[in-house]
Amino acid sequence: MELFSVLPQNLVAHIRPIIEHNDPAHRWDHIEEVARNGCWMAEKLDLQKEPFLLAALIHDMFSGTMRKEHHALAADWCDAILSYFLEDTPQQEWWRSVVRDMCYHHRASGRGRYPHIYAEAFAAADRGPLNIVRSVQRSWQHHPDAKRVVDHLYEKFNPRGGYAVFNSIHAQLYREENQEFFHDLANLTPARVLEIVGVSE
């Protein structure tokens, strides 16, 4: 079954072209990855999958134009527009409200004060399991300089003061992957970055 087939298809058709204009790290493959992570978490935590699919679809739709405010703009979009794509039922109005919070609280630099379990789980789904190869590749897409990639990843993920927030759900469900990542991060060098991205020194 196509990942988003349970959602209104006019909603998917409206948002997908917007996503394809994002930077390479936040295009459709990222949306699908977050949706898969979210559905997996919903099963693990006995939550509904539909809010995760909706939030995955919507959360980065403003990333390409207003990166710093994209989480708030996505939440505002849920308040103003999402209801037009959903049925007028108490269940789907609840989805809209929950998805609004999920979008607002998904940023890596968020301070970890979540209004409910869906928002916390979605923030974890957006991060996904930490992986040094994927993190290097995504950082390289933003700034293709090996030393800058090392500095950026250390600034973001350093366990002692990095700005990325890892909530309790992320720590619980991705414990082994996270341990391996932090070991790899401690040993990351510019030469290793170039090896990962396939660029010769």
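What counts and what doesn't
- Residues numbered from 1 in each chain as written.
- Predicted model: local features only at pLDDT ≥ 70, side-chain atom pairs only at ≥ 80, totals over all residues.
- Heavy atoms only, no water.
- Helix = DSSP H or I, 4+ residues; strand = E, 2+ residues; numbered from the N terminus.
- Rg over C-alpha atoms; globule rule 2.2 N^0.38 Å.
- Buried < 20%, exposed > 50% of the residue type's maximum accessible area, 1.4 Å probe, protein only.
- Contact = heavy atoms within 4.5 Å.
- Areas by Shrake-Rupley, 256 points an atom, 1.4 Å probe, with all protein chains shown as cover.
- Lys, Arg positive; Asp, Glu negative; His and termini not counted.
- Charge placed at Lys NZ, Arg CZ, Asp CG, Glu CD.
- Phe/Tyr/Trp six-rings, centres within 6.5 Å; stacked < 30°, edge-to-face > 60°.
- Axes fitted to C-alpha atoms, helices over the stretch in contact; angles between N-to-C directions.
- Parallel < 35°, antiparallel > 145°, perpendicular 65-115°, else oblique.
- Left-handed = near helix turned anticlockwise from the far one by under 90°.
- Nonpolar A, V, L, I, M, F, W, Y, C, P; charged D, E, K, R; others polar.
- Salt bridge = Lys/Arg side-chain N within 4 Å of Asp/Glu carboxyl O.

Secondary structure assignment for the protein yields 11 helices and 0 strands. Counting from the amino terminus, helix and strand elements in the protein follow one another as α-α-α-α-α-α-α-α-α-α-α. The C-alpha atoms of the protein give 17 Å as radius of gyration, which agrees with the globular expectation for 201 residues (17 Å, within 12%). Summarising its shape, the C-alpha atoms of the protein cover approximately 55 × 35 × 30 Å along the three principal directions. Here the protein holds 201 residues, and the buried ones make up 46% of them. Nonlocal contacts in the protein, meaning residues at least 24 apart in sequence, comprise 67% of its contacts between residues at least 6 apart. Roughly 10,500 Å² of accessible area belongs to the protein as shown, and the carbon and sulfur atoms make up 50% of that amount. Positive and negative side-chain charges of the protein, numbering 21 and 28 respectively, have mean locations separated by a distance of 5 Å.

Right, let's get into the packing of aromatic side chains. Tallying each qualifying case throughout the model produces 9 aromatic pairs. Ring centres of Phe 4 and Trp 28 lie 5.4 Å apart, and the angle between their planes is 50 degrees; this geometry places the pair in the tilted category. Separated by 24 residues along the polypeptide, Phe 4 in the segment before α1 (9-19) and Trp 28 in helix α2 (residues 28-45) bring together distant segments of the chain. What makes Trp 28 buried here is its relative accessible area of 5%. Plain terms: the ring middles of Phe 157 and Phe 166 are 5.9 Å apart, the flat faces sit at 25 degrees to each other, and that makes the pair stacked. Phe 157 sits in the buried class, given a relative accessible area of 7%. Of the aromatic side chains, those joined through ring pairs into one cluster are Phe 157, Phe 166, Phe 181 and Phe 182.

Moving on to the packing of helix α8 (residues 146-157) against helix α10 (residues 175-186). Following both chains from N to C, one finds α8 and α10 inclined at 135 degrees, their axes separated by 11 Å at the closest point. Relative to α10, α8 is oriented oblique. As α8 packs across α10, the resulting crossing turns out to be left-handed. Only Phe 181, Phe 182 and Leu 185 of α10 make contact with α8, whose side of the interface consists of Leu 153, Tyr 154 and Phe 157. Classifying every residue of the contact of α8 with α10 by side-chain character gives 6 nonpolar, no polar and no charged.

Take the pattern of salt bridges next. As enumerated under the stated definition, the model contains 9 salt bridges in all. Close ionic contact of Arg 16 with Glu 20 constitutes a salt bridge, the shortest N to O distance being 3.6 Å. Residue classification places Arg 16 among the partly exposed positions, given a relative accessible area of 37%. Taking the relative accessible area as the measure of exposure, Glu 20 reaches 35% and is therefore partly exposed. Taking the shortest distance from any N to any O, the salt bridge between Glu 195 and Arg 192 comes out at 3.2 Å. Within this pair, Glu 195 and its partner Arg 192 are both found in helix α11 (residues 190-197), separated by 3 residues, close to a single helical turn. Accessibility expressed as a relative area gives 57% for Glu 195, which makes it exposed. Members of the salt-bridge network, linked through shared partners, are Asp 79, Glu 93, Arg 96, Arg 100 and Asp 101.

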